[in-house]
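Next come the chains, spelled out residue by residue.
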Amino acid sequence: MNTGKKIGAGLLSAALVLGVVGCGNNEDKETNTTSKGTDTTTNSPDTSSSTTEKVKITYSMWGSAEEGSVTQKVADKFNASQDKIEVEVVSIPWESYMTKLNTQATGGQLPDTGMLKEDGVIQWSSEGMLNDVSAMYEGSDSKPLDSLAYKYQGKTVAYAAANEILLLYYNKDMFDKAGVAYPPSVLDKAWTWDEFVAAAKKLTNDKNGKHPGDDGFDANGIVQYGASVENLPWQLETWTLSNGGGFYSADGTDVRVGEDASIEAIQKVADLYLKDHVAPLSVGQTDDGIQRTIIAGTVAMATNGAWNVGTSLNTAKDEGLKYGVAVLPYMKDKVTLNTGGANVVFSQTKHPKEAMEWLKWYNSEENNWGLISSGIWMPTLQKWYTDEALTHKWVDNPNFPPYEEYKSAVVDYAQSSAARPASWFFTNYTTDFNTLLGSVLGDVWTGKTTAKDAITKNLDALKAAHTGNK
Amino acid sequence: METINKPLKRRSRYNSSEARVAYICLIPAFLGLFFLTYAPLVGVLGISLTNWTGLKSPEFIGFDNYVQLFTKDPYIKDSIIATIYFAFLSVIGSMVYSFFIAMLLNRKIPARGFLRAVFYVPFVLPAAAIYVGWSWLYEANFGFFNFLLSKVGLNKVLFIADSSYVVPSLSLISVWLSGNLIVIFLAGLQNVPSVYHEAAEVDGAGGWKRFIHITLPSMSPIIFYNLLMSLIANLQVVTPALALTNGGPGNSSRFLTYLMYDQAFVNYKLGYACATTFVIFAILAVFTALLFKTSNRWIYNEGGDDK
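Because the structure is a prediction, the values reported are computed rather than measured.

### Some remarks on the overall build of chain B
No. 1: Regarding its fold elements, chain B presents 13 helices and zero strands.
No. 2: Listed by position from the N terminus, the elements making up chain B come as α-α-α-α-α-α-α-α-α-α-α-α-α.
No. 3: C-alpha atoms of chain B, sized along the principal axes, occupy 85 × 65 × 35 Å.
No. 4: Here chain B holds 307 residues, and 40% of them are scored as buried.
No. 5: Partitioning the contacts of chain B with sequence separation of at least 6, the portion at a separation of at least 24 is 67%.
No. 6: Surface exposure of chain B reaches about 17,400 Å², of which carbon and sulfur atoms provide 68%.
No. 7: Both charge centroids of chain B, one from 22 positive and one from 15 negative side chains, sit 5 Å from each other.

Structure (structure tokens):
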């Protein structure tokens, strides 16, 4: 009897230990190795022809298992097209992507190559985790746009997997109704900040149909706002640059957000709500600017990234929204930021050449056509912007606003001198800095304090954040 | 002799074997507690003494993380204040609210079962859905509350977009969510001996007097339990910051657990985040200890004071 009980208890504790181990295993299964099912179909004919062993590399991406298997199908094409490299795609859910990579890095088990979040690239480079990929496009007919190279200490450590720029979206019906001319899609005709505010005032109505500045205008009873400028910290950099300031010096070493020009720019954005009464209040708590404004049908113009065309505006268009795209207004210099998550080669890889070859092949637009043709991604290679035939192939489809409009407000804009890389392309600790800046500005948007006071008071902390508080 | 001894002996054998079985059965629980609670706790303490980022192998840096946390960190002070402020409002609010509701639901009112469910439902709804709903109510420009305010001609209130209103607004949600406390209070109320009430009524004590002198003392152990649970839960608040405010505006809702999450999983300063964890742990310990220290002064034990 006793022994029986002992065995029972032993089994129980064994089950518990196994349970713990089992958890560990499950976690591994979360990363979906999607090649297994497809391997046999694509490779069995191959193995007979190629006698030499293929170099196996893994590519990690964020996304669901389904997205992973879509990418694996693309990789299978690559695997079948040559007999040197075999790519296996590993998909990891977005929420746990960077955590997972961190864990793998600690264990020396990183994939050979993979995607990396924008703000992680320079940090990982500074810790020696990424390879120099300058040689990737040597001898190619087209390179990615210059503004899409991540640079650490002068070396190119990654290219963006996609391009994105910041735009001005607007609701055409609201403009027609107010009899205001559409914002310009051509860079040369871009609105100045004052023209932008003036138009926004005409588009802002209280419940009696009065505009800001009219006698008896009721700022508390606004039913339609004229404009909303996204005030997430990383997007705010646009306006500081446009006003002749910036967050950092051009090489990313010094903090410039304390300069008058930078502070003035941020205050101007806040004043859209506080003084001009043309913008709804937003304190940067959520990242859904276009849904809250253009799609909700409460705001006539709103700034945000090009991805919104594919991620949300497409659906709204099907439901009757008539929207247009335009270039951003400007303060002193015409500026838009471009960005895009990175494709990197990890320094732990034993096959850097093969990894680069795969990335170069994979990064060609044909392989990401779903994302590009839906408007979520913009191509990275220059030829799509310069060769009109290719531009047509990309933009001339019903997912986009009218061709001429998008071509000028997005395609031409993205390769103009106005397009500058977001600071995480060359600066470390942008997350630390942006988080702190966002917190510092919290009371500026509601007018409890001014941008001048808030930033001046916290400038030392901001400078410390820029160096990672070291 | 033998006949007397035998049962005694048997009992002691029975006891020792029972004890052995008890120990053996406790092993899984103990292993779980040790490997899943105490070992990680020691691990966290160890990591908090390093500069581990997850990428490079960690270096031992002594108490640097703690020193930095209290001398240079731009968030920690605001964070501690916000957390304690939130916990204070939420604990007091939800205790008073749930006790009140429990008293009402304990009366013989129509549709009592239905109403009990109604007040419990918020507690079992998925958090994400709740917070999306409340974000529409609180929205500063076109939110439902502001719509109502403008209908009666009042100025807009910015709720979670205003650094002075955000913590009270979030506390209100947490009060609304306290259905679990109501259930426990209800169970307690049903155990208050009705003979006391009847006796007091005979002596001419009114409702309020009976509440103060009978209901409250009889409920004090339950109140203590709810207070403790509510305090611990609210000091570890993180969901509203993640779902609604991102810690803002400013640092006004940057609760400690959210700060720790940010350090660990946004900035990947794992050593630093572990140091913050210990600060949270210390605060929790202090408040819990305070509560226990004062508890025997106001808890009424039916069985007398058997400390």
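### Looking at the domain arrangement of chain B
No. 1: On domain assignment, one finds that chain B holds domain 1 (1–36) and domain 2 (49–126 + 166–295).
No. 2: Of note, the centres of domain 1 of chain B and domain 2 of chain B, computed from C-alpha atoms alone, are 40 Å apart.

### Focus on the nonpolar core
No. 1: Counting residues in hydrophobic clusters, the biggest one holds 181 residues, and the most contacted among them are Trp124(A), Phe196(A), Val257(A), Met301(A), Trp394(A) and Tyr406(A).
No. 2: Among the elements that make up this core, the one with the highest residue count is helix H10 (residues 207–235) of chain B (nine residues).
No. 3: For Trp394(A), the contacting residues outside a window of four places in its chain are Trp369(A), Ile372(A), Met378(A), Pro379(A), Trp384(A), Tyr385(A), Phe400(A), Tyr406(A) and Val411(A).
No. 4: Core analysis: the second largest hydrophobic core is formed by 19 residues, Ile130(B), Trp134(B), Ile160(B) and Tyr258(B) among them.

### Let's talk about the UniProt feature "transmembrane region" (unreviewed entry) in chain B
No. 1: Those residues carrying the UniProt feature "transmembrane region" (unreviewed entry) are residues 21–47, 80–105, 117–137, 165–189, 222–244 and 270–292 of chain B in this numbering.
No. 2: Within residues 80–105 of chain B, the helical portion is 100% and the strand portion 0%, while the C-alpha atoms at the span's ends are 36 Å from each other.

### Looking at helix H3 (residues 65–81) of chain A
No. 1: With 17 residues, H3(A) should reach 24 Å at 1.5 Å per residue; the first-to-last C-alpha distance of 24 Å fits that figure.
No. 2: Within H3(A) the residues assigned to the buried category are Gly68(A), Thr71(A), Gln72(A), Val74(A), Ala75(A), Asp76(A), Phe78(A) and Asn79(A).

### So, unusual backbone geometry
No. 1: Here Gly248(B) and Pro249(B) are connected by a cis peptide whose omega angle stands at -5 degrees.
No. 2: Take Pro249(B): it is sitting in the loop between helix H11 (239–245) and helix H12 (256–266).
No. 3: Positive phi outside glycine occurs at His277(A), with the angle close to 55 degrees.
No. 4: If you trace the backbone, His277(A) turns up in the loop between helix H9 (260–274) and helix H10 (289–295).
No. 5: The phi torsion at Tyr268(B) lies on the positive side, around 55 degrees, for a residue other than glycine.
No. 6: Turning to its location among the elements, Tyr268(B) is positioned in the loop between H12 and helix H13 (270–298).
No. 7: Judged by its relative accessible area of 9%, Tyr268(B) is buried.

### Quick word on the pairing of strand E10 (residues 299–305) of chain A
Residue and element names in this part refer to chain A.
No. 1: Of all seven residues in E10, seven are buried, a share of seventy percent or more.
No. 2: Sheet analysis places strand E7 (residues 164–171) next to E10, joined by five bridges and oriented antiparallel. Note that in E10 the partner of Tyr170 across the bridge is Met301.
No. 3: Pairing geometry for strand E9 (residues 222–228) and E10, over three bridges, is parallel. Looking at the pairing, Ala227 lines up with Met301 of E10.

### Considering the interface of chain B and chain A
No. 1: Taken residue by residue, the interface counts 42 residues in chain B and 40 residues in chain A.
No. 2: A combined buried area of about 3,600 Å² lies between chain B and chain A, and 55% of that area is made up of carbon and sulfur atoms.
No. 3: Considering only the surface of chain B that becomes buried against chain A, Leu55(B), Phe142(B) and Tyr268(B) emerge as the three largest contributors, covering 19% of it.
No. 4: Linking chain B with chain A are two salt bridges, by the criterion used here.
No. 5: Notably, a salt bridge pairs Lys269(B) with Asp432(A), separated by 2.6 Å at the nearest N-O pair.
No. 6: Elements supplying a minimum of two residues to the side of chain B that touches chain A: helix H1 (2–47), H11 and H12 of chain B.
No. 7: For the side of chain B that touches chain A, the element with the highest residue contribution is H1(B), accounting for nine residues.
No. 8: The residue inventory of the side of chain B that touches chain A, partitioned by class, reads 20 nonpolar, 15 polar and seven charged.

### Observations regarding the confidence of the model for chain A
No. 1: Residue-level pLDDT values for chain A average 86, and 89% of them are 70 or greater.
No. 2: Counted against residues more than four places away or in other chains, residues 1–50 of chain A, with its pLDDT under 50, gives 48 contacts.

### Overview of the pairing of strand E3 (residues 85–92) of chain A
Residues and elements named next belong to chain A.
No. 1: For E3, the buried fraction is high: seven of the eight residues fall into the buried class.
No. 2: Relative to E3, strand E2 (residues 55–62) runs parallel, the two being bridged by eight bridges. The partner of Ile57 across the bridge, within E3, is Val87.
No. 3: Read from E2 through H3 to E3, the crossover connection turns out right-handed.

### Thoughts on the UniProt feature "domain: ABC transmembrane type-1" (unreviewed entry) in chain B
No. 1: UniProt records the feature "domain: ABC transmembrane type-1" (unreviewed entry) at residues 80–291 of chain B, using the numbering of this structure.
No. 2: The straight-line gap between the two end C-alpha atoms of residues 80–291 of chain B is 19 Å; of that span, 75% is helix and 0% is strand.

### As for the side chain of Ser147(A)
All names here are of chain A.
No. 1: Mapping Ser147 onto the fold places it in the loop between helix H5 (121–126) and strand E5 (149–152).
No. 2: A distance of 2.6 Å separates polar atoms of two side chains, one belonging to Ser147 and the other to Asn338.
No. 3: Contacts of Ser147, omitting those with residues within four sequence positions, involve Asn338, Pro421 and Phe425.

### Brief notes about a nonpolar patch on the surface
All names here are of chain B.
No. 1: A cluster of nonpolar side chains, contributed by Phe30, Leu33, Phe34, Phe35, Leu36, Tyr38, Leu41 and Phe281, occupies part of the molecular surface with about 810 Å² of accessible area.
No. 2: Counting residues per element, the nonpolar patch draws most heavily on H1, which supplies seven residues.
No. 3: In this structure, Leu36 sits in helix H1.
No. 4: Judged by its relative accessible area of 55%, Leu36 is exposed.

### Quick look at the domain arrangement of chain A
Residue and element names in this part refer to chain A.
No. 1: Examined at the domain level, chain A breaks down into domain 1 (9–163 + 340–381) and domain 2 (166–338 + 426–466).
No. 2: Counting from both sides, the interface comprises twelve residues of domain 1 and, opposite them, twelve residues of domain 2.
No. 3: Of the roughly 910 Å² buried between domain 1 and domain 2, counting both surfaces, carbon and sulfur atoms make up 49%.
No. 4: It is Asp119, Ile122 and Ile376 in domain 1 that bury the most area against domain 2; as a group they hold 42% of the surface buried on that side.
No. 5: The interface formed by domain 1 and domain 2 holds zero salt bridges in total.
No. 6: Here domain 1 is connected to domain 2 by five residue pairs in polar contact (both at pLDDT 80 or more).
No. 7: Looking at which element gives the most residues to the side of domain 1 that touches domain 2, the answer is H5, with three residues.
No. 8: Within the side of domain 1 that touches domain 2, the residues separate by chemical class into four nonpolar, six polar and two charged.

### Brief notes about the side chain of Ser253(B)
No. 1: You can see Ser253(B) is positioned in the loop between H11 and H12.
No. 2: Residues in contact with Ser253(B), not counting those within four places in the same chain, are Val166(B), Leu170(B), Ala241(B), Thr245(B), Gly247(B) and Gly248(B).

### Observations regarding helix H4 (residues 97–106) of chain A
Residues and elements named next belong to chain A.
No. 1: Counting buried positions along H4 yields seven of ten residues, so the element is predominantly enclosed.
No. 2: Regarding H4, the residues found buried are Tyr97, Met98, Lys100, Leu101, Asn102, Gln104 and Ala105.
No. 3: Immediately downstream of H4, the backbone of Gly108 shows phi near 65 degrees, a positive value.

About the cut-offs
Residues numbered from 1 in each chain as written. Chains lettered and ligands numbered in written order. Predicted model: local features only at pLDDT ≥ 70, side-chain atom pairs only at ≥ 80, totals over all residues. Heavy atoms only, no water. Helix = DSSP H or I, 4+ residues; strand = E, 2+ residues; numbered from the N terminus. Buried < 20%, exposed > 50% of the residue type's maximum accessible area, 1.4 Å probe, protein only. Contact = heavy atoms within 4.5 Å. Areas by Shrake-Rupley, 256 points an atom, 1.4 Å probe, with all protein chains shown as cover. Lys, Arg positive; Asp, Glu negative; His and termini not counted. Charge placed at Lys NZ, Arg CZ, Asp CG, Glu CD. Domains from an automatic or database assignment. Core = buried A, V, L, I, M, F, W, Y, C linked by side-chain atoms within 4.5 Å. UniProt positions renumbered as here; feature names shortened; annotations may be inferred. Expected span 1.5 Å × (residues − 1). Pairing = 2+ DSSP bridges. Buried area = accessible area lost by both parts, 1.4 Å probe. Salt bridge = Lys/Arg side-chain N within 4 Å of Asp/Glu carboxyl O. Nonpolar A, V, L, I, M, F, W, Y, C, P; charged D, E, K, R; others polar. pLDDT = per-residue confidence, 0-100. Right-handed = clockwise from strand over helix to strand, strands pointing away. Polar contact = N/O pair within 3.5 Å; in protein donor to acceptor, adjacent residues only side chain to side chain. Patch = residues over 30% accessible without salt bridge, like charges linked within 9 Å, V, L, I, M, F, W, Y side chains within 5 Å.

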